[in-house]
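Analysis of the macromolecular model
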Amino acid sequence: VSKRIFGSFSQPQSFSFSFLIMAEAPKITLKYWPGRGLMEIPRLMMAISGKFPGDGYTDVRVKGTSDAGNSLDANLGRVPLCEGPNGSIGQSGAINFFIASECGLMGSSTFEAAQIMNFMEHIKELNTAFRDSVPWGKEPTEDGLNKFFEPNDATDFEGPADGSKRPSRGLLWYMGRMERLVGDGFAIGGKLSLVDVALFNVFADTLPEAEHPDMPAWKREPFTSSARTQAALAAHPRLNACIQSVANNENAKKWMETRGPQGF
C-alpha cells in the first residue's frame with residue numbers, strides 16, 4: 001500500500017492490514033485504535049460541520065497494523081492516522097488542526113489559529129496533571145481525586161505563576177487561569193472553534209449508563225467524576241458557556257445521540 005492511497009478511492013476492504021470498517025465515504029479517512037475517546041475530537045468536529053461516518057468521511061477502528069506496509073509512515077508506522085486526498089497525517093495535535101481547519105473551526109486569522117493552538121496546549125497540560133493524580137486505567141482513589149479537584153496550595157489564579165506551587169497545580173488552577181482567557185460563549189474569536197470542542201470533550205463527554213451497563217461510572221464520566229467536574233464548572237461560568245456552545249449545537253447533539261457505545 002502506498003503512502004498516498006487517494007486520488008480515485010478504492011473500497012476500504014482492499015487495504016491489506018486488518019481493521020473494522022465502521023463506515024465508507026470519500027475524502028477523509030480516520031484510523032485509530034478502538035479505545036474510548038481516541039479520535040473523538042475530530043469525529044465531533046466532523047459532526048458539527050455536518051459530516052458523519054458514511055456520509056462525509058470513513059471511520060476505521062484498527063485491529064492490527066502488522067501488515068500495513070508503509071501506509072502508516074506519516075505517524076512513524078502507528079495510528080492514529082488521518083488520510084486525505086493529499087496524503088496522510090499522524091499525531092493527534094496535527095490531526096485536530098487539519099480537521100478543525102477543514103471544518104471551519106480554526107479561527108478567522110493566523111493569530112486566532114495560534115491562540116487556539118496555545119489553548120490546546122493548556123488543555124494538554126491539564127490532562128497531564130489529571131493523569132499524575134489518577135493514573136490511566138486505574139480506579140481513582142479519594143486521595144488522588146482530592147489532589148486533582150481541590151485547590152491545595154496552587155491558588156495563584158492570576159498574575160505571574162508561582163513556580164514553587166507547580167506540584168500542587170490541579171483542576172482549579174488550570175480552570176482559574178483558563179477562565180480569564182475565554183470569550184463570552186466561545187473560547188476564541190467569538191465563534192465555535194477546536195478549543196470549545198476540546199473543552200466539551202474533557203469536561204462534558206459522559207457515556208450513557210444504558211449503553212454501557214457493564215462499565216463503572218468512573219470510566220464513563222469526565223475526570224472520573226461528573227459530580228465534582230460539574231461543581232468546578234459551576235464556579236467558572238465562562239468556561240461552562242464555551243462547553244454549552246457545543247452541547248447545544250444541533251449537529252453535536254445528533255452525534256452524541258447516535259454515535260452508539262464508546263467502550264469499543
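To keep things clear, this report deals only with the structure shown in the data block. (Residues numbered from 1 in each chain as written. Predicted model: local features only at pLDDT ≥ 70, side-chain atom pairs only at ≥ 80, totals over all residues. Heavy atoms only, no water.)

At a closest axis distance of 8 Å, the pairing of helix α5 (residues 171-179) and helix α9 (residues 237-247) adopts a crossing angle of 80°. Judged by the inter-axis angle, α5 sits roughly perpendicular to α9. Note on element contacts: α9 touches α5 through P237, R238 and L239, opposite M175, M178 and E179. When grouped by side-chain class, the residues that make up the contact of α5 with α9 number four nonpolar, no polar and two charged. (Axes fitted to C-alpha atoms, helices over the stretch in contact; angles between N-to-C directions. Helix = DSSP H or I, 4+ residues; strand = E, 2+ residues; numbered from the N terminus. Parallel < 35°, antiparallel > 145°, perpendicular 65-115°, else oblique. Contact = heavy atoms within 4.5 Å. Nonpolar A, V, L, I, M, F, W, Y, C, P; charged D, E, K, R; others polar.)

Once that is clear, we can look at the side chain of H236. Along the chain, H236 falls in the loop between α8 (226-234) and α9. Residue H236 is classed as buried on the basis of its relative accessible area, which comes to 9%. Excluding anything up to four places from it in sequence, H236 contacts L172, M175, G176 and E179. (Buried < 20%, exposed > 50% of the residue type's maximum accessible area, 1.4 Å probe, protein only.)

Counting 59 residues, the largest nonpolar core has I99, L171, L199, F203 and F223 as its most contacted members. When near neighbours in sequence (up to four residues on either side) are disregarded, I99 contacts I28, L30, P42, M45, M46 and C82. Residues V60, V62, A68 and L81 belong to the second largest nonpolar core, which totals six residues. (Core = buried A, V, L, I, M, F, W, Y, C linked by side-chain atoms within 4.5 Å.)

Turning to the pairing of strand β6 (residues 87-90), a few remarks are in order. Bridge analysis of strand β5 (residues 81-84) against β6 gives four bridges, and the strand direction is antiparallel. The partner of L81 across the bridge, within β6, is G90. Joining the antiparallel neighbours β5 and β6 is a turn of two residues. (Pairing = 2+ DSSP bridges.)

This part covers the pattern of salt bridges. A full pass over the atoms with the stated rule returns 11 salt bridges. A salt bridge links D205 to R259; the shortest N-O distance between them is 2.6 Å. On the criterion of sequence distance, the pair formed by D205 in the loop between α6 (194-204) and α7 (217-220) and R259 in the segment after α10 (250-258) is long-range, its members being 54 residues apart. In this structure, D205 and R259 share a single accessibility class: buried. Here the residues in one salt-bridge network are E40, R43, D59, D205 and R259, joined through shared partners. (Salt bridge = Lys/Arg side-chain N within 4 Å of Asp/Glu carboxyl O.)

Turning our attention to unusual backbone geometry. Glycine aside, a negative phi is what most residues show, and trans is what most peptide bonds show. Note that the residue after V79, namely P80, is joined by a cis bond; omega there is 20°. Along the chain, P80 turns up in the loop between β4 (56-62) and β5. Although it is not a glycine, Q91 sits at a positive phi angle of roughly 75°. Here Q91 is to be found in the loop between β6 and α2 (92-102). The class of Q91 is partly exposed, set by a relative accessible area of 45%. Even without being a glycine, N152 presents a positive backbone phi close to 50°. With a relative accessible area of 41%, N152 lands in the partly exposed category.

A word on the pairing of β4. Within β4, six of the seven residues are buried, which leaves the element mostly enclosed by the surrounding structure. Where strand β2 (residues 29-32) meets β4, four bridges bridge the pair, whose relative direction is parallel. Bridging from a neighbouring strand, T29 pairs with T58 of β4. With two bridges joining them, strand β3 (residues 52-53) and β4 adopt parallel strand pairing. Paired with P53 across the two strands is Y57, which belongs to β4.

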